[in-house]
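Here is what each chain is made of, one letter per residue.
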Amino acid sequence: MSNLNLTLHVWRQNSPHEKGGFVRYEATDITTHMSFLEMLDVVNERLIESGELPISFDHDCREGICGACGMVINGAPHGPQKATTTCQLHMRQFKDGDEVWIEPWRAGAFPVVKDLVVDRSSFDRIIQSGGHIGARTGSAPDANEILIPKGQCDEAMDAAACIGCGACVAACPNASASLFTAAKVSHLGLMPQGQPERNDRVRNMVSQHDAEGFGSCTNHGECETACPKGISVNFIARMNRDLLKAAITAPNELTERTKP
Amino acid sequence: MELRSNEPTGPIETRWERHRFNMKLVNPANKRKFNVIVVGSGLAGGAAAATLGELGYNVQCFCYQDSPRRAHSIAAQGGINSAKNYQNDGDSVFRLFYDTIKGGDFRARESNVYRLAEVSVNIIDQCAAQGVPFAREYGGLLANRSFGGAQVSRTFYARGQTGQQLLLGAYQALARQIEAGTVEMHSRTEMLELIMIDGVAKGVVTRNLVTGEINPHLADCVVLATGGYGNVFYLSTNAKGCNVTAAWRAHRHGALFANPCYTQIHPTCIPVAGDYQSKLTLMSESLRNDGRVWVPKNVDDCTKDPSTIAESDRDYYLERRYPAFGNLVPRDIASRAAKAVCDEGRGVGPAVGDQRRGVYLDFADSIQRLGEDMIRERYGNLFEMYERITGENPYKVPMRIYPATHYTMGGLWVDYNLMTTVPGLFAGGEANFSDHGANRLGASALMQGLSDGYFVLPYTVGNYLAGVSPHQITEDHPEVRGAVEGVNERLNKLMSAPSPSRTVDSFHRELGQIIWDHCGMSRNADGLKGALARIPALREEFWQSVRVPGSGADLNQSLEKAGRVADLLELGELMCHDALNRDESAGCHFREEHRTDEGEAKRNDEEYSYAAAWEYTGDPSKPTLHKEQLTFENVTPSQRSYK
């Protein structure tokens, strides 16, 4: 096992309002068994020891499920390996002498907080606008009273697998969050429990998506390629059908969102 | 101090029902006058915040992550237990209660565990109603799988992402309440201090992790649902941010910390590959169904290509030592056996430090017997994950595995109402010590988090609030100002060590190594005494020479880590005190001095049938022990055997 020497170009930005830029670092003696984030840990430890500020980046579970980590690596969200989050990407995907460009997610609706950390609270607001089912605690019927065909439930699970990382937005030329929004619209829309609020849900969520400043979907399909969970663009088509149906259905005054 | 569990007496089957009836209620019109703080947004915190908001209280919820959806509950893979008996295989609330008490090696409180089993039934209903896509059978009914420690099939699951789906259910319920205005969410905000007024919890001091602002938040009660302390080991399956700070701050204000030495080790994780390692990844235990665990018989073979080691030179040590259960012995036994062979120098894989810590999990026999396609169908995604992380193809080369810390049964001592020894301070989920005794069964962590969050805290918090008046405290109250000043002073101290020379991570790694070596899978008095001498010295060195760059006035991840490690350095010592005090083996706490003739854990019910609840005395090296005696009226303690 030979170690790697890499040249990193890392986006450094002190705060949302300050100008950022690429800074070059030599990442020497990196073992191929390290994860990409462990490589950055090593670089950071060396920066701290030499009195410099370490690179800020979001991360938490480091097992590909929490959705906290994410950076654009050589132009690809989460880097070169398909269906892999940044934390699961390992350095054996790189060669000795490689130059690696590392940037934060870039989108107007994801303002940079610091370095590679962006503010994805717009995603939370999209879910708040309707990405839920009004099932008050304690009011549920027996779980087996509602039968759900296996195939339908499996499809809902395919959509529900979204980890909310934002790679779809970073990959999209329009910075659209359609894949993220469609995944939640479809997960709940495929379940019988999600039917009563289905029309209002899709209207409210799409309207919040637009209000956050995300772009529209123009069928590039880059989002599906970048998605670490392989969520299909078919869900966007599904969301658009739902939206069309909802548009020709009278709004339900009881659940229609009144706040912007 | 007398520890009062406040549990009801009488028939265990009706205790919770009677207790609920006896609890006081808050008039609907008065609920909005009460403020409740919930720290943590995982299964327990997210569910509690959403439900309390739904009931009409003013809730403020805090999490250090950038979104409540990222709490570490999300990483649970296997499933959630529930005594639904949908399989008609003889399950019942009593059986789940019995299995949990026995699995915990008779070190948990019967009343709490029975309630857990009882509400497990409601949890599945609630989650299904929220749209959680649990696995289904072709007929549309919910599917179940089996899990360790039970002879019935009672585990509900959503592929290998059950924790994710349950958390998203709670997160969506929370989002609905945020939208409705009953819950105010504070993401990227970390609780750094508890505010106490006249001996009662009345709020928290937080740091906004983006702006560095220190703010007090006042309330009528505080719920901590801040997870476990497994990161005291540095390397664990926990998320990097998991920490003990919220619980530890509460402990320093008088909340007793119970059974800190009960920490669970998971036997099938991907081994440490180098000293840069930042976390360990768990692989489903189901792999042991078809994989055979072995190491070379001869130390000299450990560096060889495993395919060149003759069958006669391999030691299938689990099959040899436990012929009846073989590779399927329980977690703690499999873990200790792996450690034993590696301690003998027979571990495999890369040497980290001076030791090879790994054993083979070999699928060659199964592949020959069942074909590669069948193995791929059963474990394809796990094999892919293994290959992504290690670069080795487990269809061709045996996997290497090693145990890793992944859950902590100990936590803040709570009574039947989940209230700590600090009035007005509650603890739910992994943050409390309540339900798992000395060992947690698989698929029970999710159950406990949601039980506490959806079905217990909303009642018991209401009962507490019904007995107090809405607070009139303002931010210029001397105790509030004092708490804020204390936080500022501590942060300044962390950033201005007298001779800053070592990074936070270097201290964390060193602490983790001490705890792993002496208070990990097996413990003995000498090792624990050694650790108790080293940890205070390390803590002293930390405050002298920790190097935290940057400022406190913006996002500073080194500063965040420094505060957490400072608290882990105190908690780690308490763990060792507890492990030394508990002069018996119980569940995951294996004292080498106390084993049966067959080498297994040997309890001492005469002297240690109690929960050890530790009081902070002002000196982390001199905690005071309080005991809650455990009584078993419904299950008779017995010895576990898996031979």
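Everything numeric here is computed off the predicted structure, so don't read it as measured data.

### Some details on the overall build of chain A
Right, so step 1: Helix and strand content of chain A: 8 helices and 7 strands.
Right, so step 2: Across its three principal axes, chain A shows a C-alpha extent of roughly 60 × 40 × 35 Å.
Right, so step 3: Put simply, of all contacts in chain A between residues at least 6 apart along the chain, 72% involve residues at least 24 apart.

### What about helix H2 (residues 121–128) of chain A?
Right, so step 1: Counting buried positions along H2(A) yields 6 of 8 residues, so the element is predominantly enclosed.
Right, so step 2: Taken together, the buried positions of H2(A) are occupied by A:Ser122, A:Phe123, A:Asp124, A:Ile126, A:Ile127 and A:Gln128.
Right, so step 3: Close packing links the buried residues of H2(A) with helix H5 (178–190) and helix H6 (198–211) of chain A together with helix H6 (162–180) of chain B.

### What about the domain arrangement of chain A?
Interface size, as often reported, equals the accessible area lost upon joining of the parts.
Residues and elements named next belong to chain A.
Right, so step 1: Domain assignment breaks chain A into domain 1 (4–114) and domain 2 (120–247).
Right, so step 2: Each of domain 1 and domain 2 was reduced to a C-alpha centroid, and the two centroids are 29 Å apart.
Right, so step 3: At the junction of the two partners, domain 1 supplies 18 residues and domain 2 supplies 17 residues.
Right, so step 4: Of the residues contributing to the side of domain 1 that touches domain 2, the split by class is 10 nonpolar, 7 polar and 1 charged.

### What about the interface of chain A and chain B?
Right, so step 1: Listed as interface residues are 66 residues of chain A and, on the opposing side, 63 residues of chain B.
Right, so step 2: Those elements giving two or more residues to the side of chain A that touches chain B turn out to be helix H1 (36–49), strand S6 (112–114), H2, helix H3 (150–160) and H5 of chain A.
Right, so step 3: In terms of residue count, H1(A) provides more of the side of chain A that touches chain B than any other element does, 7 residues in total.
Right, so step 4: Looking at the side of chain A that touches chain B residue by residue, the class counts come to 30 nonpolar, 21 polar and 15 charged.

### Description of the environment of B:Met419
All names here are of chain B.
Right, so step 1: Counting through the fold element by element, Met419 comes out in the loop between strand S18 (411–412) and strand S19 (425–427).
Right, so step 2: Along the sequence, Met419 and Arg376 sit 43 residues apart, while their C-alpha atoms lie 47 Å from each other.
Right, so step 3: For Met419, the contacting residues outside a window of four places in its chain are Val414, Leu425, Phe426, Thr460 and Tyr464.

### So, the domain arrangement of chain B
Residues and elements named next belong to chain B.
Right, so step 1: Entries for chain B in the domain assignment read domain 1 (12–262 + 409–465), domain 2 (266–406) and domain 3 (483–616).
Right, so step 2: The straight-line distance from the C-alpha centre of domain 2 to that of domain 3 is 29 Å.
Right, so step 3: Opposite the 5 residues of domain 2 that make contact, domain 3 presents 5 residues.
Right, so step 4: When residues of the side of domain 2 that touches domain 3 are assigned to their parent elements, the largest contribution, 4 residues, is made by helix H9 (residues 331–343).
Right, so step 5: A breakdown of the residues in the side of domain 2 that touches domain 3 according to their chemical character gives 1 nonpolar, 1 polar and 3 charged.

### Regarding the sheet that holds strand S3 (residues 72–73) of chain A
Residues and elements named next belong to chain A.
Right, so step 1: Taken together, 5 strands build an open sheet; the order of strands is S2-S1-S5-S3-S4 and the sheet is mixed. The sheet terminates laterally at strand S2 (21–30) and strand S4 (76–77), the two strands that pair on one side only.
Right, so step 2: The pairing of S3 with S4 spans 2 bridges and is classified as antiparallel. In the sheet register, Ile73 faces S4, and the bridge partner there is Ala76.
Right, so step 3: Along the sheet, H1 contacts strand S1 (4–12) and S2; its crossing angle with S2, the most-contacted strand, is approximately 100°.

### What to know about the pairing of strand S2 (residues 58–62) of chain B
All names here are of chain B.
Right, so step 1: Along S2, 5 of the 5 residues are buried, which leaves the element largely enclosed by surrounding structure.
Right, so step 2: Of the two faces of S2, the one lined by Asn58, Gln60 and Phe62 and the one lined by Val59 and Cys61 are each fully buried.
Right, so step 3: Bridging between strand S1 (residues 35–39) and S2 involves 5 bridges; their strand directions are parallel. Paired with Val39 across the two strands is Phe62, which belongs to S2.
Right, so step 4: Relative to strand S5 (residues 183–186), S2 runs parallel, the two being bridged by 4 bridges. Following the sheet pairing, Phe62 is matched in S5 by His186.

### Considerations on unusual backbone geometry
Residues and elements named next belong to chain A.
Right, so step 1: Look at Asn74: it is not a glycine, yet its phi comes out positive at around 50°.
Right, so step 2: Here Asn74 lies in the loop between S3 and S4.
Right, so step 3: Residue classification places Asn74 among the partly exposed residues on the basis of 14 C-beta atoms within 10 Å.
Right, so step 4: Residue Ala83 is not a glycine yet carries a positive backbone phi of 50°.
Right, so step 5: Mapping Ala83 onto the fold places it in the loop between S4 and strand S5 (99–103).
Right, so step 6: What makes Ala83 partly exposed here is the crowd of 15 C-beta atoms within 10 Å.

### Remarks on the environment of A:Lys82
All names here are of chain A.
Right, so step 1: With respect to the helices, strands and loops of the structure, Lys82 is situated in the loop between S4 and S5.
Right, so step 2: On the basis of neighbour count, Lys82 is assigned to the exposed category, with 12 C-beta atoms found within 10 Å.
Right, so step 3: For the pair Lys82 and Thr225, spaced 143 residues apart in the sequence, the C-alpha separation amounts to 7.5 Å.

### Points about the packing of H6(B) against helix H12 (residues 445–465) of chain B
Residue and element names in this part refer to chain B.
Right, so step 1: Following both chains from N to C, one finds H6 and H12 inclined at 10°, their axes separated by 11 Å at the closest point. With respect to their mutual orientation, H6 and H12 come out roughly parallel. The segment H6 lies against H12, with Thr162, Gly163, Leu166 and Ala170 engaging Leu446, Leu450 and Gly453.
Right, so step 2: Split by residue class, the contact of H6 with H12 holds 4 nonpolar, 3 polar and no charged.

### Quick notes on the pairing of strand S9 (residues 221–224) of chain B
All names here are of chain B.
Right, so step 1: The alternating pattern of S9 places Cys221 and Val223 and Val222 and Leu224 on opposite faces, both of which are buried.
Right, so step 2: In the sheet, S1 pairs with S9 via 4 bridges, with the strands oriented parallel. Directly across from Ile37, in S9, lies its bridge partner Val222.

### Brief notes about the nonpolar core
Within soluble globular proteins, side chains that are nonpolar generally end up buried alongside one another.
Right, so step 1: Counting residues in hydrophobic clusters, the biggest one holds 278 residues, and the most contacted among them are A:Cys168, B:Val36, B:Val223, B:Leu224 and B:Leu412.
Right, so step 2: When residues of this core are assigned to their parent elements, the largest contribution, 12 residues, is made by helix H16 (residues 557–581) of chain B.

Analysis parameters
Every residue gets a number counted from 1 within its own chain, in the order that chain's sequence is written. Chain letters and ligand numbers both follow the written order, the letters beginning at A and the numbers at 1. Local features are withheld for residues below a pLDDT of 70 in this predicted model, meaning they are given only at 70 or higher, and side-chain atom pairs are given and counted only at 80 or more; totals for whole chains, interfaces and linings count all residues. Secondary structure elements follow DSSP: runs of H or I no shorter than four residues count as helices, runs of E no shorter than two count as strands, and numbering proceeds from the N terminus. Throughout, a pair of residues is in contact if the C-beta atoms placed from their backbones lie within 7 Å. Here a residue counts as buried when 20 or more other C-beta atoms sit within 10 Å of its C-beta, as exposed when there are 12 or fewer, and as partly exposed otherwise, the C-beta atoms being derived from the backbone. As used throughout, domain bounds are those supplied by an automatic or database domain assignment. Classification used: nonpolar for Ala, Val, Leu, Ile, Met, Phe, Trp, Tyr, Cys and Pro, charged for Asp, Glu, Lys and Arg, polar for all others including Gly. In this scheme, strands are said to pair when DSSP sees at least two bridges between them. Simply put, an axis is a line fit to the C-alpha atoms, just over the touching stretch for a helix, and the angle between two N-to-C directions goes from 0 to 180 degrees. Roughly parallel means an angle under 35 degrees; roughly antiparallel, over 145; roughly perpendicular, 65 to 115; everything else is oblique. Note on terminology: a nonpolar core is any set of buried Ala, Val, Leu, Ile, Met, Phe, Trp, Tyr and Cys residues joined through C-beta atoms within 7 Å.

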